[in-house]
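Each chain, written out:
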Amino acid sequence: MRHPFINRFAAQSASTLTSHIRKRAKAAGKTLLMSSAAAVMALQAAAQDVTVVIDPIASESNLYWETEGAFMLPSLQGLVGNNPETGKYDTSGLAESWKANEDLTSWTFTLKPQAEFHDGWGPVTAEDVVHSFNLHIGDDSRLSGIGNLRDATVTAVDAQTVRFDLPAPQADFLFMLAGRGVLAIYSKAQFDAEGLEGYKTKPAGTSPLVYESSELGQGMTFSTAQDHWSGVDADYDTLSIRFVGEAATKLAMLLSHEADIVSLSRELQPQALDAGFEILASTQGASQTSMVFGALYTDPEGGELPTGLPWADVRVREAMNRALDRSQLLEVLYDGRAEALPVFTMDAQYEGYTPALADRFDADYGYDPERAMALLAEAGYPDAFGDPVIPIIVTSLPGNPEFPLISELAQAYFEAVGLQTEMREMDGASILSARRDRNAPWIMPVRNAPIRPAQVGLQVYFSKVNRPTAYVDDAQINSVFDELAASTDMAERDALASQIFTKLYDDYTHMPLAKIFAEVTVDPDTITGWTFPGSTSSGLSHFELIKTAE
């Protein structure tokens, strides 16, 4: 039986199946009403210009190092790419090959000899890589993950070969260059001639898309390169990316055919489907979502430990997990287009994946309100706690419009088993500031995007490396993580990561929810496909692979 609170949200997805049938009929009706000549002209016009509408990016700049790295200009490239089908690292970037030494402290890349910059700025060389590296590690860099490069030494071995020497092993160095995207390659020749002003005005990139212009807060425009050196030619003439935050406005732009592709919140997707539009999803998981217990600190070396938090008791943490009906949550939040997640930051494509935890999940974490109430009684809740109220943060995050609803639904489930809760609205800056002060005693939804390799994900959320902003600070986990970070043996790394994931699981350190895919809603009259893996921070990439109607 559904929780009563769920019913009013579930109705929005009830007509999904019939909407798919109706949209086909509507599309057929449109075709019959158009003359053959008019249809051809309309399709030709649509093929020349593609308009994509996305949420405003947090930091907008043509200087990539001045951004947080969530969105790289589609005209720029890094050394390593991601396969659009599998998400695996591939040679679609500027390097044709790479190799590492045995202890993973030195990585050497051979550049593609045919790679060249737009607008006549010449071939891509190792000097361009060294120059770009120095710009990206400067004091003004805001890039997430750039700390992994700051202490590196980068050497141009010859015109086509560049070597990165690192102070410590980095088994996930390719992720830093590809999925995380901490290094975009700029032209040194352009910098020597025009300085940073040239980059700000019209940065020369290397991809099949050429930067043309931008308007702060509004969007940017790209043209397509003809006979691109990579052999990839875009299926349209112009790409316009528009920044729009208001969900209703994005829907209106799609319905009026002002936009071809829209990053639309899931709560509005049924309206678009009913009107004949379609959803395209990333080929691989783009992010993971979870509710986390803030300030779950038990390592005395980390500083003063919080006291009196109800969720400091493992029985309360298990009860809160048992209170959640995840099958209904995934249906309401993601219309069933998501996968259940057993442990936050654990993923089958990376080391440490432990199938046994997924197999046990229903038994250990499954929806069981009676068991939840029994556990709370065992823990003496609420009388055993000076302040039994559970604060739940309500916050918005670009790319995850469902976060406020996650908090609202979780509150309903928690209160149904007798937990006392309090909703608090906070913005991202305030949340981060509180975490830095080691003063974040609350429950909140978080995401792992892009889905990180095991060591990177654990470092960010569950280890002392990210003090004071980590959510979990546990002495045993910290000790095993130190071994993982130092190891270069793949089998050993897999075992160590699995050990940490099992500890996180057994201790109910968080409330894992889902592995989700990046989705866009498209006009099928103009867009026939787009293959992208969801492997970047924004979830969107490979814009040159957008396919238009012929």
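Residues numbered from 1 in each chain as written. Predicted model: local features only at pLDDT ≥ 70, side-chain atom pairs only at ≥ 80, totals over all residues. Heavy atoms only, no water.

### Notes on the overall build of the protein chain
The condition is simple: Helix and strand definitions here come from DSSP, where helices need a minimum of 4 consecutive H or I residues and strands a minimum of 2 consecutive E residues; each element is numbered from the N-terminal end. As a reference, a globule follows 2.2 Å times the number of residues to the power 0.38, and the radius of gyration itself is taken over C-alpha atoms. The classification of residues rests on relative accessible area computed with a 1.4 Å probe and restricted to protein chains. Under 20% of the type maximum is buried, over 50% is exposed, and intermediate values are partly exposed. Whether two residues are in contact is decided by their heavy atoms, any of which lying within 4.5 Å being enough. A 1.4 Å probe and the Shrake-Rupley method give the accessible areas. Residues count as covered only by the protein chains that appear here. His is not counted here, nor are the chain ends, while Lys and Arg score as positive and Asp and Glu score as negative. To locate a charge, the coordinates of NZ of Lys, CZ of Arg, CG of Asp or CD of Glu are taken.
Looking only at helices and strands, one finds 17 helices and 23 strands in the protein chain. What you see for the protein chain is a C-alpha radius of gyration of 25 Å, in line with the 24 Å of a compact globule of 550 residues. Considered along the principal axes of its C-alpha atoms, the protein chain spans approximately 70 × 65 × 40 Å. Burial analysis of the protein chain (550 residues in total) assigns 55% to the buried set. For the protein chain, restricting intrachain contacts to residue pairs at least 6 apart in sequence, the fraction spanning at least 24 positions comes to 72%. Summing over all exposed atoms, the protein chain offers an accessible surface of approximately 22,300 Å²; the carbon and sulfur share of this is 51%. For the protein chain, the distance from the average position of its 39 positive side-chain charges to the average position of its 75 negative side-chain charges is 3 Å.

### Some thoughts on the packing of aromatic side chains
Let me state the cut-off plainly: Two rings belonging to Phe, Tyr or Trp (six-membered ring only in the last case) form a pair when the distance between their centres is within 6.5 Å. Interplanar angles under 30 degrees mark stacking, angles over 60 mark edge-to-face geometry, and anything in between is tilted.
In total, this model carries 22 aromatic pairs according to the counting rule given. Between F71 and F543, the ring centres sit 6.4 Å apart and the planes meet at 75°, which makes this aromatic pair edge-to-face. With F71 in the loop between strand 1 (49-54) and strand 2 (81-82) and F543 in the loop between strand 22 (527-529) and strand 23 (547-548), this pair connects stretches of sequence that are 472 residues apart. You can call F71 buried: its relative accessible area is 10%. Given a relative accessible area of 4%, F543 falls into the buried group. Taking the centre distance of 4.9 Å and the plane angle of 45° together, the rings of Y365 and Y505 count as tilted. Within this pair, whereas Y365 is found in helix 11 (residues 355-365), its partner Y505 is found in helix 17 (residues 490-506), the two being separated by 140 residues in sequence.

### What about the side chain of R493?
Keep this limit in mind: Polar contacts, as used here, are pairs of N or O atoms within 3.5 Å; protein pairs need one atom able to donate a hydrogen and one able to accept it. Residues neighboring in sequence count only if both atoms are side-chain atoms.
Of note, R493 is situated in helix 17. Residue R493 is classed as buried on the basis of its relative accessible area, which comes to 0%. Looking at R493, its side chain comes within polar contact range of the main-chain oxygen of L484, at 2.8 Å. Those residues in contact with R493, other than ones at most four positions away along the chain, are A171, D172, E351, Q455, L484, S487 and T488.

### Considerations on the sheet that holds strand 9 (residues 219-224)
What counts is decided by this rule: By definition, two strands form a pair when at least two bridges between them are found by DSSP.
Taken together, the 7 strands give an open sheet; going across it, the order is 8-9-10-1-11-21-12, and neighbouring strands pair in mixed fashion. Looking at which strands have only one partner, the edges of the open sheet turn out to be strand 8 (209-215) and strand 12 (278-281).

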